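Secondary and tertiary structure notes
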Amino acid sequence: ITASGEEIDGQSGILGQAGPTVGNSSYGTLYATGGTMRFDTADLDYMESQGTIYNVILHEMAHVIGYGSLWDYNGLYTDGTGEYTGANALAEYQAEFDPNATYIPIELDGGEGTQDAHWDEDWAGGSTELMTGWLNGTPFISNTTLAQFEDLGYIVDFESLVSVNDGADLT
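Residues numbered from 1 in each chain as written. Predicted model: local features only at pLDDT ≥ 70, side-chain atom pairs only at ≥ 80, totals over all residues. Heavy atoms only, no water.

A closer look at the overall build of the chain
Across its full length, the chain carries 4 helices and 5 strands. Mapped in sequence order, the helices and strands of the chain form the string β-β-β-α-α-β-α-β-α. For the chain, the spread of C-alpha atoms along the principal axes amounts to about 40 × 35 × 35 Å. Accessible area for the chain stands at about 9,000 Å²; split by element, carbon and sulfur atoms hold 47% of it. (Helix = DSSP H or I, 4+ residues; strand = E, 2+ residues; numbered from the N terminus. Areas by Shrake-Rupley, 256 points an atom, 1.4 Å probe, with all protein chains shown as cover.)

So this is what it looks like as structure tokens:
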């Protein structure tokens, strides 16, 4: 993953942008093997002073390895529908937030890079989940987010994960 500070849109708009740049296909699944992250230079000092830069980096790294950026390629989401249907994430979403859900709501608002690539800001998991489109409060990572990586073909060991939700120091 390459990362850079660049002028994007000035202060308090887009904090960062990221996605895969190269990938490989294995058994019908497209995996990212490289990517890039860009952080708005107008926001870097503020994010660092507010203690949010770590969460923004983590959020953008998730996009590099496929969150929101490889869903369509892997048959997990069709742009514009607002309905993520990957089986692992949907099962976790039902267990965590809404037992009757038939899909996970995807953000359809915001501009390019926000819509179709994040959990909806009003989803049952709340607006402070790390992978909604806007940074709100103290983020947490839901099992739904982790399970979408299973949908993307990654192996996720839920038992061995250090949880940011438990106040662990991940720096």
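Observations concerning the nonpolar core
Ranked by internal contacts, the top residues of the largest apolar core, which has 23 residues, are Y67, W71, Y84, I104 and W119. Elements supplying a minimum of two residues to this core: helix 3 (87-96) and helix 4 (143-151). When residues no more than four places from it in sequence are discounted, the contact partners of Y67 are A62, A117, H118, W119, M131, T145, Q148, F149 and L152. Counting residues in hydrophobic clusters, the runner-up holds 5 residues, among them M37, F39, M47 and V64. (Core = buried A, V, L, I, M, F, W, Y, C linked by side-chain atoms within 4.5 Å. Buried < 20%, exposed > 50% of the residue type's maximum accessible area, 1.4 Å probe, protein only. Contact = heavy atoms within 4.5 Å.)

Section: the pairing of strand 3 (residues 29-40)
Regular strands have side chains that alternate between both faces of the sheet. Note that strand 1 (residues 2-6) and strand 3 share 5 bridges and pair parallel. Bridge assignment links G5 to a residue of strand 3, and that residue is F39. The sheet contact formed by strand 2 (residues 16-26) and strand 3 spans 10 bridges and is antiparallel. Bridged to S25 within strand 3 is L30. (Pairing = 2+ DSSP bridges.)

Quick notes on the packing of aromatic side chains
Counted according to the given criterion, the structure contains 12 aromatic pairs. Seen in terms of ring centroids, W71 and Y84 are 4.9 Å apart; in terms of plane orientation they differ by 65 degrees. Their pairing is edge-to-face. On the criterion of sequence distance, the pair formed by W71 in the loop between helix 2 (53-64) and strand 4 (83-84) and Y84 in strand 4 is long-range, its members being 13 residues apart. By relative accessible area, which is 0% here, W71 ends up buried. Between the aromatic rings of W71 and W119, the centroid separation amounts to 5.5 Å while the plane-to-plane angle is 25 degrees, which identifies the pairing as stacked. Placement of W71 in the loop between helix 2 and strand 4 and of W119 in the loop between strand 5 (104-105) and helix 4 is noted, with a sequence separation of 48 residues between them. For W119, a relative accessible area of 0% corresponds to the buried category. A connected cluster of aromatic rings, assembled from ring pairs, spans Y67, W71, Y77, Y84, Y93, F97, W119 and W123. (Phe/Tyr/Trp six-rings, centres within 6.5 Å; stacked < 30°, edge-to-face > 60°.)

As for the side chain of N55
By the element assignment, N55 lies in helix 2. N55 sits in the buried class, given a relative accessible area of 17%. Sequence-distant contacts of N55, defined by excluding residues within four places in its chain, comprise L130 and P139.

Focus on the sheet that holds strand 1
Spatially, 1-3-2 is the arrangement adopted by the 3 strands of the open sheet, whose pairing is mixed. Looking at the sheet topology across the chains shown, the edges are occupied by strand 1 and strand 2. Recorded for the sheet is a direction-independent mean angle of 20 degrees between the axes of neighbouring strands. Contacts from helix 1 (residues 41-50) reach strand 1 and strand 3, with the element oriented near 85 degrees to strand 3. (Axes fitted to C-alpha atoms, helices over the stretch in contact; angles between N-to-C directions.)

Quick word on the pattern of salt bridges
If you walk through the whole model with that rule in mind, you get 1 salt bridge. Notably, a salt bridge pairs R38 with E6, separated by 2.7 Å at the nearest N-O pair. Of this pair, R38 sits in strand 3 while E6 sits in strand 1, placing them 32 residues apart in sequence. Take R38: its relative accessible area is 25%, and that puts it in the partly exposed class. Under the relative-accessibility criterion, E6 is labelled partly exposed at 31%. (Salt bridge = Lys/Arg side-chain N within 4 Å of Asp/Glu carboxyl O.)

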